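Descriptive structure summary
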Amino acid sequence: MYGNDFSAPDGAPDEAPGGLLGEVEAAEAELRAAAARGRRGGPAPDEDLAAYFAEVVDAEQKIEPRDWMPDAYRRTLIRQIAQHAHSEIIGMQPEGNWISRAPSLKRKAILLAKVQDEAGHGLYLYAAAETLGISRDELVQLLLDGRQKYSSIFNYPTLSWADVGAIGWLVDGAAIVNQVPLCRCSYGPYARAMIRVCKEESFHQRQGYEILHTLAHGTPEQQAMAQEAVDRWWYPSLAMFGPPDGDSTHSAQSMAWKIKRFSNDDLRQRFVDMCVQQAEILGLRIPDADLRWNEERQAYDYTQPDYDELMQVISGNGPCNRERMAHRRAAHADGSWVREAAAAYAAKRAGQKETVAA
Amino acid sequence: MTQHTPLWEVFVRARRGLSHTHVGSLHAPDAELALRNARDLYTRRQEGVSIWVVPAGAITASSPDEKDAFFDPAADKVYRHPTFYEVPDGVAHL
């Protein structure tokens, strides 16, 4: 709803988010078309299951929960979807930090809606992971025990209001570039969840862009605050696409299974190319002295993020890792009485119904 | 950790005149909370005018492994479709 509350600033690059949204629509249409093409039924009794699975995937058909699938495909998806779900849940914290201090009622309402969306995205994704045969309780426990990861980006602090804008523009922007291809993932429940997530995500990116645009055209102090936020969030956002292709451990297999469609470096390049023009219209500087158009490659040359820092943050040594996990654990523990009370009430009601029935 | 919270499948009717369509699932201790959670989770942008929640355990599904055999009886009965029949030229209202 809040997505309609404001219009994009004059001359804002509607093109990029519109283009990505167009891709989401295309993925959705493709999903329907693939379903309509259909194919013969399940595997024949004596058919090689691995060959059958490969045939379905190669034909751009979706694998559904009750289909046979290789164990490694199942494990890879559980790990990836769960990590994605955890990221949405942990991702509520850096922004939630500013709900009580948003500069106006409108901004507060928008931020509340956005953080609520993140919770929703986490829940869509947990539900998709559960179709692979792992329980919600297990998934929650894996996060709380630190045995599954979440996106490294949420281990950075939100120091000023402009950070909320920078997160929307850069972090959500990078997330969208990463996630749009996942709308075409070979696993049906994940693809469908991602279509839903991406459609909602575009409001997040635009609200961030609007916050930065307003600040960048405000007082010199506001302008400086916006620039300072972009300076801090730029490289961590580039790192969101993961290690460079040469060092990426799961990529090749995931591409073959059509879980992943583009390499980390391809997506990172795409993000940089999108951001340059958007930054110009904001009137903000991307903090990279070596950023320039490469005529030959038809793409921007740019400075790589610090991958050693990324590895440090992933292994728990980012500025906010401990705080994020401590907060998540406390929230889970503090909510246990609600879960217990609701379960007790449900049991009591079920008992009453039985008595009446008898 | 408290006891396992039941899983519910959620169906949403987008507009009057359309059928309920499966949109996803969620956990809730009872039907009433499942409905409220479904409203918050699946209709934040006015995606629906009516919601069904069904305990996931109450759904019996056919298996994809038996797709051929299970649906075979319908496969060789093309005469169930009107296009099977040849209509002589000039016949109206048929």
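Remember, predicted model here, so these are calculated numbers, not experimental data. (Residues numbered from 1 in each chain as written. Chains lettered and ligands numbered in written order. Predicted model: local features only at pLDDT ≥ 70, side-chain atom pairs only at ≥ 80, totals over all residues. Heavy atoms only, no water.)

This paragraph deals with the overall build of chain B. What chain B contains, in helices and strands, is two helices and three strands. Listing every helix and strand of chain B by position from the N terminus yields β-β-α-β-α. Radius of gyration (C-alpha) of chain B: 21 Å, far over the 12 Å computed for a compact globule of 94 residues. Taken along the three principal axes of its C-alpha coordinates, chain B extends 70 × 35 × 15 Å. The buried share of chain B, taken over its 94 residues, is 24%. Within chain B, contacts between residues at least 6 apart in sequence are counted, and of these 40% link residues at least 24 apart. Accessible surface for chain B amounts to roughly 6900 Å². Of this, 56% is attributable to carbon and sulfur atoms. (Helix = DSSP H or I, 4+ residues; strand = E, 2+ residues; numbered from the N terminus. Rg over C-alpha atoms; globule rule 2.2 N^0.38 Å. Buried < 20%, exposed > 50% of the residue type's maximum accessible area, 1.4 Å probe, protein only. Contact = heavy atoms within 4.5 Å. Areas by Shrake-Rupley, 256 points an atom, 1.4 Å probe, with all protein chains shown as cover.)

Residue and element names in this part refer to chain A. Relative to the helices and strands, P94 resides in helix α4 (residues 92-96). Accessibility expressed as a relative area gives 1% for P94, which makes it buried. It is 8.4 Å that separates the C-alpha atoms of P94 and V164, two residues lying 70 residues apart in sequence. Setting aside anything within four residues of it in sequence, one finds P94 in contact with F154, T158, I167 and R324.

This part is about the pattern of salt bridges. Any two side chains of opposite charge can pair if their charged atoms end up close together. All names here are of chain A. In total, this model carries 26 salt bridges over all chains according to the counting rule given. Across the pair K114 and E95 runs a salt bridge whose closest N-O atoms are separated by 2.4 Å. Here the residue K114 occupies a position in helix α5 (residues 105-130), and E95 occupies one in helix α4, the gap between them amounting to 19 residues. Classification of K114 by relative accessible area gives buried; the value is 0%. (Salt bridge = Lys/Arg side-chain N within 4 Å of Asp/Glu carboxyl O.)

Residues and elements named next belong to chain B. The sheet built from three strands is open, its strands ordered β2-β1-β3 with antiparallel pairing. The open sheet has two edge strands, β2 (21-27) and β3 (50-55), and neither has a second partner. Across the sheet, the mean angle from the axis of one strand to that of its neighbour is 30 degrees, orientation sign disregarded. Where strand β1 (residues 7-13) lies against β3, six bridges are found, and the strand directions are antiparallel. By the bridge assignment, V10 is partnered in β3 with V53. (Pairing = 2+ DSSP bridges. Axes fitted to C-alpha atoms, helices over the stretch in contact; angles between N-to-C directions.)

Residues and elements named next belong to chain A. Residues Y307, L310 and V313 constitute the buried set of helix α12 (residues 307-317). Projected onto a plane normal to the axis of α12, the buried residues spread over an arc of 115 degrees and lie on a single side. Considering only its buried residues, α12 is in contact with α9 (220-239), α11 (264-282) and α13 (321-334). In this structure D306 caps α12, since a side-chain oxygen of it lies 3.0 Å from the backbone nitrogen of D308. (Arc of directions from axis to C-beta. Polar contact = N/O pair within 3.5 Å; in protein donor to acceptor, adjacent residues only side chain to side chain.)

Each aromatic ring pair is characterised by the separation of its centres together with the angle its planes make. Counted according to the given criterion, the structure contains 14 aromatic pairs over all chains. Consider the rings of Y124 of chain A and Y42 of chain B, whose centres lie 5.6 Å apart with planes at 25 degrees: the pair is stacked. Taken together, the positions of Y124 of chain A in helix α5 and Y42 of chain B in helix α1 (residues 31-42) put the pair across two chains. Summarising the burial analysis for this pair, Y124 of chain A and Y42 of chain B share the class buried. With 5.0 Å between their ring centres and 70 degrees between their planes, W293 of chain A and Y300 of chain A make a pair best called edge-to-face. Look at W293 of chain A and you get partly exposed, because its relative accessible area is 38%. Members of the aromatic cluster, each reached through a chain of ring pairs, are F53, W68, Y73 and W257 of chain A. Sitting over the face of the ring of W98 of chain A, R101 of chain A holds its NZ or CZ atom 4.2 Å from the ring centroid. (Phe/Tyr/Trp six-rings, centres within 6.5 Å; stacked < 30°, edge-to-face > 60°. Lys NZ or Arg CZ within 6 Å of the ring centre and 35° of its normal.)

By themselves, these are just geometric observations and shouldn't be taken as functional.
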